[in-house]
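Analysis of the macromolecular model
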Amino acid sequence: MDFCRLLRYSREMLFLHTSDWHLGKSLYETSLLEDQRFFLGQLTEHMQRQEESGEPYSALIVAGDIYDKAVPGPEAVSLLSSFLSEVKCTFPRLHVFLIPGNHDSAARLSFAADILASQNIHIAADARRCDIPVIVESNGERAAVYQIPFLTPLCLSSSSGAMLRRQDELAGEACERILARHREQFGNLPCVAAAHLFTDGSGIELSGSESGFAGNVEKVSVSHFRGFDYVALGHIHRKQSCGSSSVWYSGSPLPYSFGEQNDKSVLRVSVSAGHAEVEPVGIRPLHPLVRLEGTFDSFLNAAVSDAVRNSYVEIVCTDGLEHEHPAELLRPRFANLLSFRMKRPEGEGLNRTIEERRKVVENLAADDYGVAFELFMKELYGDSGELDSQLYKDEKALFEQIAREAVLEELK
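Notes on the structure in this doc start here. Given the structure is predicted, the values throughout are model-derived calculations rather than measurements.

The next thing to look at is the sheet that holds strand 10 (residues 230-234). Spatial strand order, 7-8-9-10-12-11: 6 strands in an open sheet with mixed pairing. Both edges of this open sheet fall to strand 7 (134-138) and strand 11 (240-241), since each of them pairs with a single strand only. In the sheet, strand 9 (residues 191-196) pairs with strand 10 via 5 bridges, with the strands oriented parallel. Across the sheet, A194 pairs through a bridge with A232, a residue of strand 10. Against the sheet, helix 6 (residues 167-185) touches strand 8 (141-148) and strand 9, its axis set at about 155° to strand 8.

Rendered as structure tokens:
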């Protein structure tokens, strides 16, 4: 390593930022545990190469949704346990930060947290302790790392004692507490935070597998993160910055829907006071996700490449004909065929995925709940004459009333 590079890393600390592992997830009833095990192996190998290069990581940050379910299966728990054991045996000085996301149970994830903290595995489940940092030391450098778990209504109160419900209010309160504590006690150290939420940062792009929030109700202003040297975010599955070089989503390490790209990564982050430099580290999927379009006969007779044979496949049939047991007929040629669907004629809208259709309805309807109801019913039933019935009109009126009441309750 040349002298200039050595000098640069003597002033900076290296963090590895990842999120949204969703351990235990299945895709069309196919377990992804082996795919996730393959990813974790690559993560360990990358950290080992960094160690051998003389530029070891100071910390690994996993910004939420470690598990796919609040009550994860035993295989998923075993996989995380094995990974953490291997990491601590291989990198005993490494700090590991885990925060619960909206898919996790904070109470279950934080089991034995006090004991694990003594091994530099830090699991933060209590939002009220978000302003208590972990001081990471490496090669004579120090940084303060704060953890903001997924914020649920009423988990924090304002300075006046009012209980907070909305995500933006909660995140603002958490950041205000952290920055006040940091300025008072640790102002000479870089300020790093991990959080699991949905920001309104410019250019945010969603993937197909996020369980997106309705409208803009749950968005958090990226302005709350001014004053942090780096913010490691989770929840959005696409890697991206949030209109700031210091606020990033790492994205999920694997594609979890056929609408996502396979170019997944984790983030190598160099942090110093007032500066963060982010570099993606590519992750190779065990089974890439491939969507193929064509006629049924073309798939029944065409040669299958090795790349497609090793991929999870969704086939979109374009011939408009109904086929009896199509997946069973195609699976001898496509062993990893997970999804088969028909592509409807353009304009019907039924060829879109559920997520895509929901976005279309939200964009067209804006805050007009009646329009949203009409679009939804048309998506389901087309231009059926039933949509002119009195029952339909009554249901529409009831939907509008319930939607307005829900929004008013959310704003309280």
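Along strand 16 (residues 312-317), 6 of the 6 residues are buried, which leaves the element largely enclosed by surrounding structure. Residues Y312, E314 and V316 line one face of strand 16 and the alternating positions V313, I315 and C317 line the opposite face, and both faces are buried. With 6 bridges joining them, strand 15 (residues 289-294) and strand 16 adopt parallel strand pairing. Considered in strand 16, the bridge of R291 is made with E314.

All right, on to the sheet that holds strand 14 (residues 275-283) then. Spatial strand order, 6-5-4-1-13-14: 6 strands in an open sheet with mixed pairing. Two strands close off the open sheet at either side, each with one partner strand: strand 6 (121-123) and strand 14. When strand polarity is set aside, the average angle formed by the axes of neighbouring strands in this sheet is 20°. As paired elements, strand 4 (residues 59-62) and strand 5 (residues 95-98) share 4 bridges and run parallel to each other. Paired with A59 across the bridge in strand 5 is H95. Packed onto the sheet, helix 2 (residues 33-52) meets strand 1 (13-18), strand 4, strand 13 (264-272) and strand 14 and runs at close to 170° relative to strand 1. The strands that helix 3 (residues 74-90) touches are strand 4, strand 5 and strand 6; relative to strand 5, the one it contacts most, it runs at about 155°.

This paragraph deals with the pattern of salt bridges. Applying the stated criterion to the full structure yields 13 salt bridges. Here E55 makes a salt bridge to R268, at a shortest N to O gap of 2.8 Å. Here E55, found in the loop between helix 2 and strand 4, pairs with R268, found in strand 13; they are 213 residues apart in sequence, far enough to count as distant. Taken as a pair, E55 and R268 share a single burial class, namely buried. The salt bridge partner of R268 is E279, with a shortest N-O separation of 3.4 Å.

The next thing to look at is the nonpolar core. The biggest cluster of nonpolar side chains holds 39 residues, and the ones touching the most others in it are W21, L43 and I66. Within the residue set of this core, elements represented by two or more residues are strand 1, helix 2, strand 4, helix 3, strand 5, strand 6 and strand 14. In terms of residues, this core owes the most to one element, helix 3, which gives 6 residues. Excluding residues that lie within four positions of it along the chain, W21 makes contacts with Q36, F39, L40, L43, V62, G64, D65, I66, L80, F83, P253 and Y256. Listed in part, the 30 residues of the second largest apolar core include A174, F186, L189 and Y249.

What follows covers helix 6. Here helix 6 contains 19 residues, and its C-alpha end-to-end distance of 27 Å stays within 8% of the 27 Å for a straight helix at 1.5 Å per residue. Within the sequence span of helix 6, burial applies to Q167, L170, A171, G172, E173, A174, C175, I178, L179 and H182. Elements in contact with the buried residues of helix 6: strand 8 and strand 9.

Along the chain, G227 turns up in the loop between strand 9 and strand 10. Residue classification places G227 among the exposed residues on the basis of a relative accessible area of 57%. It is 8.6 Å that separates the C-alpha atoms of G227 and G274, two residues lying 47 residues apart in sequence. In this view, G227 contacts L179 and C191; residues no more than four positions away in its chain are not counted.

Look at helix 3: 24 Å from first C-alpha to last across 17 residues, which is about the 24 Å you get at 1.5 Å a residue. Along helix 3, the positions that sit buried rather than exposed are A76, L79, L80, F83, L84, V87 and K88. Viewed end-on, helix 3 has its buried residues packed into an arc of 155°, placing them on one side of the element. What points out from helix 3, more than 90 degrees from its buried face, is the exposed set P74 and C89. Turning to helix 3, the residues buried within the fold contact helix 2, strand 4, strand 5, helix 4 (106-109) and strand 6.

Criteria and thresholds
Residues numbered from 1 in each chain as written. Predicted model: local features only at pLDDT ≥ 70, side-chain atom pairs only at ≥ 80, totals over all residues. Heavy atoms only, no water. Pairing = 2+ DSSP bridges. Helix = DSSP H or I, 4+ residues; strand = E, 2+ residues; numbered from the N terminus. Contact = heavy atoms within 4.5 Å. Axes fitted to C-alpha atoms, helices over the stretch in contact; angles between N-to-C directions. Buried < 20%, exposed > 50% of the residue type's maximum accessible area, 1.4 Å probe, protein only. Salt bridge = Lys/Arg side-chain N within 4 Å of Asp/Glu carboxyl O. Core = buried A, V, L, I, M, F, W, Y, C linked by side-chain atoms within 4.5 Å. Expected span 1.5 Å × (residues − 1). Arc of directions from axis to C-beta.

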